[in-house]
Structure formats: C-alpha cells, structure tokens
Amino acid sequence: MTTDPLDPSDTPRLQMQGISKSFGGVAALRDVDFTLRAGEIHGLVGENGAGKSTMMKIIAGVHTDYEGKMLIDGKEVHFRSARDALAAGIGMVHQELSIMPDLTVGENVFLGKQPVTGAGIIDWRSMMSGAHEQLKSLGIDVDPKTRMGDLPIGLQQLIELARVIFSGARIIILDEPTSALSPPEVQLLFDVLKGVRASGRSIVFISHFLDDILSISDTVTVFRNGKLIVTHSVEGIDKGWLIERMIGAGHEDLEESYTGTITLASKPGQPVVLAAEHLGYGRAYTDVTFDVKAGEILGIYGFMGCGQIELARTLFGKIKADTGTLAIDGRKRRLRNTTQARAAGIAFVPENRRSMLFYEQPVYKNVSISILGRISRLWLKPNVERAIASKHVESLSIRPPRAEVALGALSGGNQQKVALAKWLTHRPKVLVLSEPTRGMDVGAKDDVVKIVRALRDEGLAVIVVSAEPETVLSLADRVLVMKKGRIVREFTNETISKDRLLEAA
Amino acid sequence: MTFQQTSTARASKSSLFLRSQMRNIAPFATLILLLIFFSIASPSFATIDNASNILTQISVTGIMAVGLTFVILCGEIDLSVASIANATGIVVAYFTLQESYVNIANIPVAGWLAVALALAACTGLGLVNAFGTTVIGIPSFIMTLAMMQIGAGISALLVRGQIAYNVPDIVSTLGASNVGGFPTIALVLLAFLLVGHVTLTYTRFGRYIYMVGGNREAAEYSGVNVKLILGAALVICAVCSGIAGMVGVAHFGSAQQNEFDGYLLDAIAAVVVGGTSLFGGRGGIGNTIVGLCVLGVLNNGLDHIQIDSFLKILIRGLILLAALIVNVYVQNIRSVERAEGA
Ligand SMILES: Nc1ncnc2c1ncn2[C@@H]1O[C@H](COP(=O)(O)OP(=O)(O)OP(=O)(O)O)[C@@H](O)[C@H]1O
Ligand SMILES: [Mg+2]
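Residues numbered from 1 in each chain as written. Chains lettered and ligands numbered in written order. Predicted model: local features only at pLDDT ≥ 70, side-chain atom pairs only at ≥ 80, totals over all residues. Heavy atoms only, no water.

(A) Looking closely at the packing of helix 3 (residues 48–73) of chain B against helix 8 (residues 184–202) of chain B. Residues and elements named next belong to chain B. In contact at an axis separation of 8 Å, helix 3 and helix 8 are set at 20° when each is read in the N-to-C sense. Judged by the angle between their axes, helix 3 and helix 8 are roughly parallel. Seen along the crossing, helix 3 lies across helix 8 with a hand that is left-handed. Together, Leu 55, Thr 56, Ile 58, Ser 59, Val 60, Gly 62, Ile 63, Val 66, Thr 69, Phe 70 and Leu 73 of helix 3 and Ile 185, Ala 186, Val 188, Leu 189, Phe 192, Leu 193, Gly 196, Thr 199 and Leu 200 of helix 8 make up the contact between the two elements. The residue makeup of the contact of helix 3 with helix 8, split by class, is 14 nonpolar, six polar and no charged. (Axes fitted to C-alpha atoms, helices over the stretch in contact; angles between N-to-C directions. Helix = DSSP H or I, 4+ residues; strand = E, 2+ residues; numbered from the N terminus. Parallel < 35°, antiparallel > 145°, perpendicular 65-115°, else oblique. Left-handed = near helix turned anticlockwise from the far one by under 90°. Contact = heavy atoms within 4.5 Å. Nonpolar A, V, L, I, M, F, W, Y, C, P; charged D, E, K, R; others polar.)

(B) Structural view of the interface of chain B and chain A. Listed by partner, the interface residues are 35 residues for chain B and 55 residues for chain A. Taken together, chain B and chain A are joined by two salt bridges. The salt bridge involving Arg 207 of chain B is made with Glu 385 of chain A; its shortest N-O contact spans 2.8 Å. Scanning the region where chain B abuts chain A turns up 14 residue pairs in polar contact (both at pLDDT 80 or more). Of all the secondary structure elements, the ones that give two or more residues to the side of chain B that touches chain A are helix 8, helix 9 (204–214), helix 10 (216–221) and helix 14 (309–340) of chain B. When residues in the side of chain B that touches chain A are grouped by element, the largest group, five residues, is from helix 10 of chain B. The residue makeup of the side of chain B that touches chain A, split by class, is 13 nonpolar, 12 polar and 10 charged. (Salt bridge = Lys/Arg side-chain N within 4 Å of Asp/Glu carboxyl O. Polar contact = N/O pair within 3.5 Å; in protein donor to acceptor, adjacent residues only side chain to side chain.)

(C) Seen up close, the coordination of the magnesium ion (ligand 2). Within the protein, the magnesium ion (ligand 2) binds to Ser 53 of chain A (OG) and Gln 95 of chain A (OE1); these donor distances fall in the range 2.0 to 2.3 Å. Taken together, the positions of Ser 53 of chain A in helix 1 (residues 52–59) and Gln 95 of chain A in the loop between strand 6 (90–93) and helix 3 (105–109) put the pair 42 residues apart, joining distant regions of the chain. (Donors = N, O, S within 2.8 Å, 3.2 Å for Na, K, Ca; no water.)

(D) Highlighting the side chain of Thr 144 of chain B. Residue and element names in this part refer to chain B. With respect to the helices and strands, the residue Thr 144 is situated in helix 6 (residues 140–159). Look at Thr 144 and you get buried, because its relative accessible area is 0%. Of note is the side chain of Thr 144, whose polar atom sits 2.7 Å from the backbone oxygen of Ser 140. Once residues lying within four places of it in the same chain are set aside, the contact partners of Thr 144 are Ile 77, Asp 78, Leu 79, Ser 80 and Asn 129. (Buried < 20%, exposed > 50% of the residue type's maximum accessible area, 1.4 Å probe, protein only.)

(E) Seen up close, a positive patch on the surface. The grouping of Lys 320, Arg 334 and Arg 336 of chain A together with Lys 227 of chain B at the surface amounts to a positive patch. Note that Arg 334 of chain A resides in the loop between strand 16 (331–333) and helix 10 (338–343). (Patch = residues over 30% accessible without salt bridge, like charges linked within 9 Å, V, L, I, M, F, W, Y side chains within 5 Å. Areas by Shrake-Rupley, 256 points an atom, 1.4 Å probe, with all protein chains shown as cover. Lys, Arg positive; Asp, Glu negative; His and termini not counted. Charge placed at Lys NZ, Arg CZ, Asp CG, Glu CD.)

(F) Fine view of the packing of helix 3 of chain B against helix 11 (residues 226–252) of chain B. Residue and element names in this part refer to chain B. Relative to each other, helix 3 and helix 11 sit at 170°, their axes nearing to 7 Å. Judged by the inter-axis angle, helix 3 sits roughly antiparallel to helix 11. Residues Thr 56, Val 60, Ile 63, Met 64, Val 66, Gly 67, Leu 68, Phe 70 and Val 71 of helix 3 lie in contact with helix 11, whose contacting residues are Ala 233, Leu 234, Ile 236, Cys 237, Cys 240, Ser 241, Ala 244, Val 247, Gly 248 and His 251.

(G) Representation of the site of ligand 1 within the structure. Not every one of the 20 residues close to ligand 1 is listed here, only the nearest: Asn 48, Gly 49, Ser 53, Thr 54 and Ala 409 of chain A. Residues close to ligand 1 are split across chains A and B. Gly 49 of chain A is positioned such that a nitrogen or oxygen atom in its backbone is 2.7 Å from an oxygen atom of ligand 1. Here an oxygen atom of ligand 1 and a side-chain polar atom of Ser 53 of chain A are 2.7 Å apart. If ligand 1 stood free it would expose 640 Å²; the protein chains cover 88% of that surface. Residue assignment for the shell around ligand 1 shows that the elements contributing at least two residues are helix 1 and helix 14 (412–421) of chain A. Counting residues per element, the shell around ligand 1 draws most heavily on helix 1 of chain A, which supplies three residues. (Near = heavy atom within 4 Å.)

(H) Up close: the packing of aromatic side chains. As enumerated under the stated definition, the model contains 14 aromatic pairs over all chains in all. Ring geometry for Phe 316 of chain A against Trp 423 of chain A: centres 6.0 Å apart, planes inclined by 75°, an arrangement best described as edge-to-face. One end of the pair, Phe 316 of chain A, is in the loop between helix 9 (308–315) and strand 15 (323–328); the other, Trp 423 of chain A, is in the loop between helix 14 and strand 18 (430–434), and 107 residues separate them in sequence. A single burial state applies to Phe 316 of chain A and to Trp 423 of chain A, both of which are buried. A ring pair is formed by Tyr 101 of chain B and Tyr 165 of chain B, whose centres lie 6.2 Å apart and whose planes are at 55°; its orientation type is tilted. Taken as a pair, Tyr 101 of chain B in the loop between helix 4 (81–94) and helix 5 (111–136) and Tyr 165 of chain B in the loop between helix 6 and helix 7 (169–175) lie far apart in primary sequence, 64 residues in all. The partly exposed category is assigned to Tyr 165 of chain B, whose relative accessible area is 36%. Over the face of the ring belonging to Trp 241 of chain A we find Arg 245 of chain A, whose NZ or CZ atom lies 3.9 Å from the ring centre. Residue placement shows Arg 386 of chain A over the ring face of Tyr 364 of chain A; its charged tip is 4.8 Å from the ring centre. (Phe/Tyr/Trp six-rings, centres within 6.5 Å; stacked < 30°, edge-to-face > 60°. Lys NZ or Arg CZ within 6 Å of the ring centre and 35° of its normal.)

(I) The arrangement of the side chain of Asp 266 of chain B in detail. Residue and element names in this part refer to chain B. With respect to the helices, strands and loops of the structure, Asp 266 is situated in helix 12 (residues 263–273). You can call Asp 266 buried: its relative accessible area is 11%. Apart from residues lying up to four places away in sequence, Asp 266 is in contact with Thr 61, Leu 295, Asn 299 and Arg 316.

(J) Spotlight on the pairing of strand 3 (residues 41–46) of chain A. Residues and elements named next belong to chain A. Burial runs high along strand 3: six of the six residues are buried. Of the two faces of strand 3, the one holding Ile 41, Gly 43 and Val 45 and the one holding His 42, Leu 44 and Gly 46 are both buried throughout. Where strand 3 and strand 8 (residues 202–206) come together, four bridges link them in parallel fashion. Residue pairing across strands places Gly 43 opposite Phe 205, the latter belonging to strand 8. With five bridges connecting them, strand 3 and strand 9 (residues 219–224) associate as parallel partners. Of the residues in strand 9, the one forming a bridge with His 42 is Thr 219. (Pairing = 2+ DSSP bridges.)

(K) Just a nonpolar patch on the surface, in detail. Side chains of Leu 311, Leu 314, Leu 318, Leu 321, Ile 325 and Tyr 329 of chain B sit close together on the surface and give an oily, nonpolar patch of about 590 Å² of accessible area. Turning to its location among the elements, Leu 318 of chain B is positioned in helix 14.

(L) Expanded view of the domain arrangement of chain A. All names here are of chain A. For chain A, the assigned domains read domain 1 (13–89 + 170–248), domain 2 (100–167) and domain 3 (258–356 + 422–504). Listed as interface residues are 16 residues of domain 1 and, on the opposing side, 17 residues of domain 3. For the pair domain 1 and domain 3, the summed buried area comes to about 1,200 Å², and 63% of that belongs to carbon and sulfur atoms. Taken together, the connections running from domain 1 to domain 3 amount to zero salt bridges. Here domain 1 and domain 3 share one residue pair in polar contact (both at pLDDT 80 or more) between them. With four residues, the single largest contributor to the side of domain 1 that touches domain 3 is helix 8 (residues 239–247). Considered class by class, the residues forming the side of domain 1 that touches domain 3 number eight nonpolar, five polar and three charged. (Domains from an automatic or database assignment. Buried area = accessible area lost by both parts, 1.4 Å probe.)

(M) Expanded view of the sheet that holds strand 14 (residues 297–301) of chain A. Residues and elements named next belong to chain A. Strand order across the open sheet formed by six strands is 17-18-19-14-20-21, with mixed pairing between neighbours. Two strands bound the open sheet, and with one partner strand each, they are strand 17 (346–349) and strand 21 (486–491). Recorded for the sheet is a direction-independent mean angle of 20° between the axes of neighbouring strands. When strand 14 meets strand 19 (residues 461–466), the two strands line up parallel, connected through five bridges. When the bridges of strand 19 are listed, Ile 300 appears paired with Val 465. Along the sheet face, helix 15 (residues 442–457) touches strand 14, strand 18 and strand 19 and points at about 130° away from the line of strand 14.

If you want it as structure tokens, here you go:
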C-alpha cells in the first residue's frame, strides 16, 4: 500500500510508530504510523477533525502526552516542549497565526533566536538586515522595522512562514499555510518550498486545497477519523481519488463545484435589500457602490488586503465609513455599532474564527449568544438554548455532535460551522460572510455551499467576501472584483472561470 | 540530544480534572488550611461568637466585592470602590440631622430622601466611570484611579475634617442592629451575594457579562452591546460600593474622611483570592464568597494568635501574592490548553 518516492533503503528523517492520542477520553489519533523522508514534500489531507493538526503538534512538541514512538533519523525521542522540538530541528507554522503583532517584522522573523553581539546585547543591525534578506527571497519587500500588526494579514502569514522556513529546521511543518495568501503569493511560496526540498530538508504540507496538494507534494497521506488511511506517491492520483479516501466513496460529485467554469445568472425582479453608495473608509477602500437583492448571493472577490475585509466590517457597523451611505430596504441607515446592525437585520461572520467564538464556552452558548435577546428577556432558558443548538449541530453535522462540548475542543472546520450556526435561528435580511469556508475540508465546504444556497432560496440576500476564487465561484450569482480598495469589475450573466477572476483582480 | 524516553508520562484523567478545577480548588483548600491552623493555634478562634464576628467583619468588604465581581468578570477593574463607599457614606450623613456639637454645614432632610440622594450620588459617580471608560475610552484602571481621587475630594469637601455620627434610621437598622442575635449587616451581605449570584448565573445580562469578559471582540461580532454591558457593570459596582459605604458608616458609628481606605485592597483581594480571573470571563460570586472567607478568617485569625502586629501586615501581603500567583498560573494553563485546541 505504501510507496516511497525516494530510495527506501535510507533511514527516514522522521518515523512515528503506533501513535495514539486522546483528549479527555475521546480518541483523536488511533495507532498511526507515519513516515517522513529526507528531501520530500509530504502533503497531508483529511476531513476537519481527522487528526492532522494533532499529529503534527505531537511532532512539534506541543502535545507531549501520547502513546507510541517517535524516531528522528532512527533515534528515538520524546519531546517535552515545543522548545525541545525546535532544538531538534523541527519548525511548525500553526493553523492559526501566531505572530506577535506588537513586535517589529524583524523581531518576528528572529523570534526566540535573536542574533547577539559579543556583549550579549541584541544585534539589531544584523537582525534587521538578516530579516530583510530572508523576506526578499520570499518576494516580500517590507521594512523590517514595521510593526507586525500594521501589515495586511497575507503578509503576516508570509512572514510567519519565513520565520520557520529560514529557522534552519530540518523538518518544516506547515498547517494550512495558504489560507490568507493570494494565488501569486501561493506560487511564490511553492517556489521557495521547492528550493527547501532541494536542500534535503523535509516539509509536511497540510491543506484543504487538493489542487495545491497535488501540485506541490511528492507524497500524500490521507487521514480519516484519527486513522492514517493511506500514504501514496503523488504520481497517478487525482482529486477524486483523494476525496474518495478522505470521505469515502459516493462523493465524487463534490469536486464539480470547484473546478472549471460556472455560469452566473442574475434573478431580475427581486427587490434590492441592501444598497451601498460611494462608501469610503480611510485608505482601505474608496467610492464603493453596489447593491444586493433578495434571493441573491453577491460575491466580492479580491486579493487579501484589497479592502474587502474592511468593507465587510462596515456593513456590520464594526467600522464606520467616512463617506457614502448605506440603505437597507430602501431606508438610509447609519450603523453606529454592531447591535444596531443586527437590529437592522444584518448578520456577519468574520474571517477569523477567534474573533467570533468563545473558546472556553460550550457550543450551545456560542450559538445562542447572538439570539439571546429573542430567547429570553430577563431569565436565561438554557433548555431552549440547548435545543436550538442541538438542532443546528445536527443539521450542519457538527462533530462531536454534542452541544455541551467546549468549543475549543472542536476542530477548525467544525468551529467555523458553529460560527455560521449563530445566525441561522432567526433569519437576518442580509448575511455577510467573510471567508466562509476558510479552513474547511471539501465535504464541509460543500455543506456550507448548500446551507448558504438554501438560505438564498429562502429569499435572504447574501454577500460573500473572499480572497479564495473557489469560494466565490462555488457560491456567487454575481461577482464584483475589488482591487486596491475599488470595485474594478462586475460579472453578471456570463460564464467565468478562476483564470478570468484572477485576471481582473 | 537527550530527551526523555518514550514512556508513561501520561497524566491520569483525575489529575486532568484537578488541573482544570484548580481555580476553584486552590482557594477552598487555602480556606480549610487556615481554619485548621487557627483552630489549633487559638482556643478562642473556633467559636460560634467568633464566626458571627468574622461574618460581620467581612460584610462591608463583601458588599463591595459583589459589585467588583461584575467588573472583574468583564476583564476590567474598579479602583474607586472604597472611595465611592466613603463619599456615599458621608453624603448620607451630610443630609441627616447631626448633634449640635458636630461642626458640619450640613442640610438635614427626611431619612428616605437622604438615602435617595446618597444612592443618586453613587449612581452618578458610577455613570461617570462608565462614561469615561466606554464612551471616551479611558482604560478602567486609569479612569477609576481618577475617580478614587474625586471620591476622596467629595468626602473631604463635605466633612471638612470633622466627624458626623448620625445616619437615617433605615441605614442604621441595616448596618448596626441584630435580628434574633444575627447582625443585620451580614443579612444585607447575604442578600447582595444572592442577588449577585442569581443575576450572573441565571439572567441574560449575567451571560453577557461572562461573554464580554471571555472574548470581547466575539461578543461584539455577535451583536452584543459591549459598551452598555461594561458601563452597566461599572454602575452596578459603584452602587454596591455606595450601599456598602452607607451601612458601613452605620456599622462603625461615624462618617469621616479616609474611613474606608483599607477596603479597596480587601475587596479586590476577596474577588481575586476567590479565583475569579483577572482577565475576565471566569469565576463568579461563589468564588468571591470563598475569597471573602479566606480574607475574613485570615484577618480575624491573626488577631487571635500571639504575633507581632507589624508582621501581620506582611503575612497578609504574602498570602495575597500567593493567591495572585495561583490566579495567573491557572490562566496560563488555560491559554496553553487553548493553544493546543486551536
Ligand atoms: N485541545 C483539544 N482538546 C480536546 N479535543 C481536541 C483538542 N484538539 C483537538 N481535539 C479533537 O481532536 C480531533 C482532531 O482534531 P485536529 O485539530 O487534529 O483535526 P484536523 O485534522 O487538524 O482538522 P481541521 O482540518 O479542521 O484543522 C477533533 O475531534 C478535535 O475535536
Ligand atoms: Mg487542523
């Protein structure tokens, strides 16, 4: 079953044998054997919650409490901290960004390994010039003295990648590293990864973008339900093959919605629900005019940092536009805060799960918070909350299927479903989704597409803001393209493809 | 490289539970240990009379601590509790007829009106705190630091270095009398604890407090009016402090400048020692009750044993430090778990 792309006689760089890991009695990994060879890029795929991140966190010394053996270059090790793993040459970029927003770019690149002068003082000059060099080879031209938090999120992600790639680590683990990157940036990253591979280092690459996996990996491993299903050379396999192993047979139709072309069809005669005129906000976006009709999904596509994120926040009253007006159902509205936006019938799911969810609270409290005012006036009704949440947990097939679980124990994709579930009980008029399928597996993406389409068919106006062409293409009835804060293109009633979208942006 | 061999370093399930409950267990264990220690060290400590003493002693702190629990659960702080208590206590005395030898230019009004004016005063101060923190955006730490000074200023202006003794009957009934041998001030505390607990646990407002403290941004993205909740918590805290000040004045039998100075530290300590997270979102009135008991037993117990009275101050400080370490340590465990859960 296992085929190795390289000479099987040499010792693998990393061997994981019989790894099992459970969280509070729930198994996340079951008896997994995983092998990583020197000089390979190893793609890792699997549904949300399959155990990919858990496995990698064991390798990177984040989870120290597990069963099984770990061998590096044939020698057994057991890390007691991420620091141990780093010392052993293992670097990991986590699924959620973990940069220090208040430090400079240079400090972030050299986090934990600042160059020091003979006197033991941080050598700022060589740190800054070193950072500049490294970033340049990734195609990033920023002043290393810039504060990290001031940069667009795509750049932050690239810089975090740079930190690990140039740390000298022999094993580099990238957990969904492209979620905030634009297609050209992804290409750049892949070029760099190929260079790293050529130097004999090993890379693990986790992604839900199967096309990316197939184009960059030498070997692919599929996880399902805490088990390693198969490890295979990338030669001779395709998307359908992967999906079948990730989810099981009978889901071949899933891939259709993400490839090829789609034909947009607007629905005339529907009333305009939300109309924005000449909106502008600082340097983020200027003169944005558009409307969205009932029963329509409007896609707004643009590279990370083109102003689409700020635009989405404006629609939910989180940001106040400097200029322009917003009308809902023909009435001009000034949204001064999110409470007013919600009252006006607008719902919003931000791209960053962390800013939408309460990690320590059970799922049902996460779901009910946005509708608490409708469930209860004064006294809480936990039973009603649980019942509502359980309904959504079932209809969105959230796993584990219990509304009592703390949200932090869910895998990334399942957390995203909870974020969506918040707005499904009392239907808003306008649903604004920012990156609604980021980090979701193909099956979950398909679920979200179905959910959002069903909402549209019920007459909801939906705005989908995304930097992933696939997301926009699989959902939108009409597409606006944003570039540097302006709307530069509108696609209606025509057939478009990923390439045409990219061209416009 | 030498790493620990693959072996059984596995934490058992029960230790995992203990770790997650550390926040609640540590203060409780501290309380039990203190009780055992003082019971052995002093025969006069473990008596019914002394228990009633302790209860009375923690009452004023306790009423403040209830309000402060709301604020700290939101991840904010109120440094003006003692100062507002002092000012409110003085306001109620200022509007009450004093003996002729009291040299204060006061304005006697009917008892109920005096109480209403005092309540209005503390509500007003709370509203200023709320306005400064939420509308202007001054960090609560700084805003309430300024309010601490303002409260002291109001107190100073009203009494001008004098001492007032009389308060309205209703206030002295609540603060300085007994029903069936039980001090009424302790009943007031119990009522506040109960209402505070019910509000935080069973009402929508209480849920919002925890959610705002747990993740403010997420609360905002869920359409919760975060500023309103924060403001309300600050006003509630000021009103609790004001009432603590009024019954406190009755309890001590006098109203004067700097009367409540020691109470700021005690009230914050009670909340934090009890295990409510300084970062917000975790804890509650249950924790505050344990914290109050720890503090009350400690303060009272140290008076029962033969020990240098100057050393007592140091001991209290050390215990407070230990509690803070536990509080922050538990927070760290939590954020590590959260990172692992990402
Ligand atoms: N810290 C934790 N506490 C409890 N359960 C956890 C924790 N971390 C992960 N799990 C559980 O372990 C399982 C595997 O999660 P993991 O994060 O490894 O999935 P994944 O394959 O990375 O998914 P995704 O693609 O959504 O990121 C899930 O069921 C998840 O709920
Ligand atoms: Mg993951």
